[in-house]
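Notes for the structure review
As a plain string of letters, each chain reads:
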Amino acid sequence: MIDVISMGEAMVVFNPDIKGPMKFVNGFQKNIGGAELNLAIGCSRLGLKTGFISRLGNDEFGKSIRTFARGEQVDTSELKLVKGYPTSVYFKEIMEDGNVQTFYYRDKSPTLTMKPEELNESYIKNARVLHITGIFPAIGGDNLNVMMESIRLAKKHGLKVSFDPNIRLKMWTKEEARKVLLDILPHVDILLAGDEEMNIIIGESNPKAIIKKTKEIGIPTIIVKRGEHGSAGYHQGQLIYADPVKATKVVDTVGAGDGFNAGFLYGYLHDWDLERSLHFANTIGSMVVSITGDNEGLPYYEDVQERLGEIEKVER
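Presented here is a report on the structure given in the accompanying data block.

Parameters at a glance
Residues numbered from 1 in each chain as written. Predicted model: local features only at pLDDT ≥ 70, side-chain atom pairs only at ≥ 80, totals over all residues. Heavy atoms only, no water. Buried < 20%, exposed > 50% of the residue type's maximum accessible area, 1.4 Å probe, protein only. Helix = DSSP H or I, 4+ residues; strand = E, 2+ residues; numbered from the N terminus. Pairing = 2+ DSSP bridges. Phe/Tyr/Trp six-rings, centres within 6.5 Å; stacked < 30°, edge-to-face > 60°. Lys NZ or Arg CZ within 6 Å of the ring centre and 35° of its normal. Axes fitted to C-alpha atoms, helices over the stretch in contact; angles between N-to-C directions. Polar contact = N/O pair within 3.5 Å; in protein donor to acceptor, adjacent residues only side chain to side chain. Contact = heavy atoms within 4.5 Å.

Before going further, it helps to spend a moment on the pairing of strand 13 (residues 231-235). In terms of burial, strand 13 is largely enclosed, as 5 of its 5 residues are buried. One ladder, built from 5 bridges, connects strand 12 (residues 221-225) with strand 13; its direction is antiparallel. Paired with Val224 across the strands is Ala232, a residue of strand 13. Linking strand 12 to strand 13, which pair antiparallel, is a turn of 5 residues; within it Gly227 sits at a positive phi near 60°. As consecutive antiparallel partners, strand 13 and strand 14 (residues 238-242) are separated by 2 residues, and within that stretch Gln236 has a phi angle of approximately 55°, a positive value.

For the rest of this paragraph, the subject is the packing of aromatic side chains. Using the criterion set out here, one finds 11 aromatic pairs in the structure. Taking 5.0 Å as the distance between ring centres and 85° as the angle between the ring planes, the aromatic pair formed by Trp272 and Phe280 counts as edge-to-face. Comparing Trp272 with Phe280 shows no difference in burial state: the two are buried. Aromatic side chains Phe280 and Tyr301 sit 5.9 Å apart centroid to centroid with 45° between the ring planes, which places their arrangement in the tilted category. Here the residue Phe280 occupies a position in helix 10 (residues 274-288), and Tyr301 occupies one in helix 11 (residues 301-308), the gap between them amounting to 21 residues. Following the ring pairs from residue to residue traces out a cluster consisting of Phe14, Phe28, Phe61, Phe91 and Tyr105. The lysine or arginine in question, Lys170, covers the ring of Phe103, its NZ or CZ lying 4.6 Å from the ring centre. Here the guanidinium or amino end of Arg276 rests over the ring plane of Trp272, the centre of that ring lying 3.7 Å away.

Further remarks concern the sheet that holds strand 3 (residues 28-33). Across the sheet, 4 strands lie side by side as 3-2-7-8; this open sheet has mixed pairing. Edge strands, defined here as strands with exactly one partner in the open sheet, are strand 3 and strand 8 (100-105). Between one strand axis and the next, the sheet turns by 25° as a mean value, whatever way the strands run. Both strand 2 (residues 11-16) and strand 7 (residues 89-94) contribute to a ladder of 3 bridges, which runs parallel. Considered in strand 7, the bridge of Val13 is made with Tyr90.

Let us now look at the side chain of Asp189. Structurally, the position occupied by Asp189 is in the loop between helix 6 (174-184) and strand 11 (190-194). Among the residues examined, Asp189 registers a relative accessible area of 11% and is labelled buried. Of the polar contacts made by the side chain of Asp189, one reaches the side chain of Lys155; its length is 3.0 Å. Side-chain polar atoms of Asp189 contact the backbone nitrogen of Val161, separated by 2.8 Å. Excluding its chain neighbours within four sequence positions, the residues that come into contact with Asp189 are Lys155, Leu159, Lys160, Val161, Ile219, Pro220 and Thr221.

Positive phi is not limited to glycine here, since Gln73 has a value of about 65°. By the element assignment, Gln73 lies in the loop between helix 2 (60-71) and strand 5 (74-75). Using a relative accessible area of 60% as the deciding quantity, one classes Gln73 as exposed.

Printed below as a string of structure tokens:
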């Protein structure tokens with residue numbers, strides 16, 4: 001049994017050697033990224049069993065990503081390498097305050113070769129949660145149909161569908177995102193969304209208003225990520241506002257939302273109460289931003305325990 005399966009695109013990430021505008025950067029470090037893979041890695045490091053459904057180019061970058069995922073104990077049996085479609089890459093521009101701008105090169109994404117009928121039903125059947133994001137359909141091609149089929153199979157076999165809108169306006173317009181994502185929301189069991197994203201989708205950024213509208217859509221568990229203001233959540237009739245956890249420093253904000261998602265899903269799958277799950281997720285988000293990289297800052301469970309003061313760190 002796999003706890004969490006995610007489906008999406010993984011990419012090679014080039015992180016700059018220095019901070020500041022991209023035009024002044026001469027060197028980069030090669031790393032691995034992609035929101036859905038980050039989520040799988042984050043859950044795996046916390047101790048959950050995870051799998052990743054995707055396509056990568058049959059090239060050195062694709063093989064590198066697959067090897068990396070395997071090293072993080074992510075099941076890659078449904079990750080295929082395809083010829084003729086180069087593995088997607090992106091470059092990051094990191095400013096002194098930790099804010100990041102991304103430059104994508106993913107026009108011929110290997111995920112465009114995926115077809116709904118090729119999804120492995122038996123693989124999905126043996127999981128507890130299917131995690132998807134709004135990035136996958138934004139890539140184009142048949143990806144939306146693939147996503148909807150994955151949702152159908154998940155529902156058929158009793159999985160919970162976890163969804164992060166993850167709107168990327170460099171990939172589609174607000175209007176395109178709104179139209180597609182509104183159609184996905186009624187199928188979602190666990191919504192993990194940023195307040196700014198929900199403003200694009202439903203015209204609301206206030207957590208209470210977001211929760212009210214998405215409850216009416218029929219979503220049972222609603223989590224609103226509020227960045228430096230913490231988070232809010234609704235589950236089993238309970239509404240909780242969770243205070244932010246202050247980061248020791250902010251050097252790279254990419255991946256914080258994925259870390260938050262992993263933390264919340266861990267609590268959800270362990271039947272924690274909403275307050276504990278949100279605080280755990282907020283803590284992980286604050287840890288991720290203190291390290292450069294998309295998933296380098298995703299902590300192991302004992303790291304979070306140390307940060308929460310639940311265990312003592314012994315340094316020597």
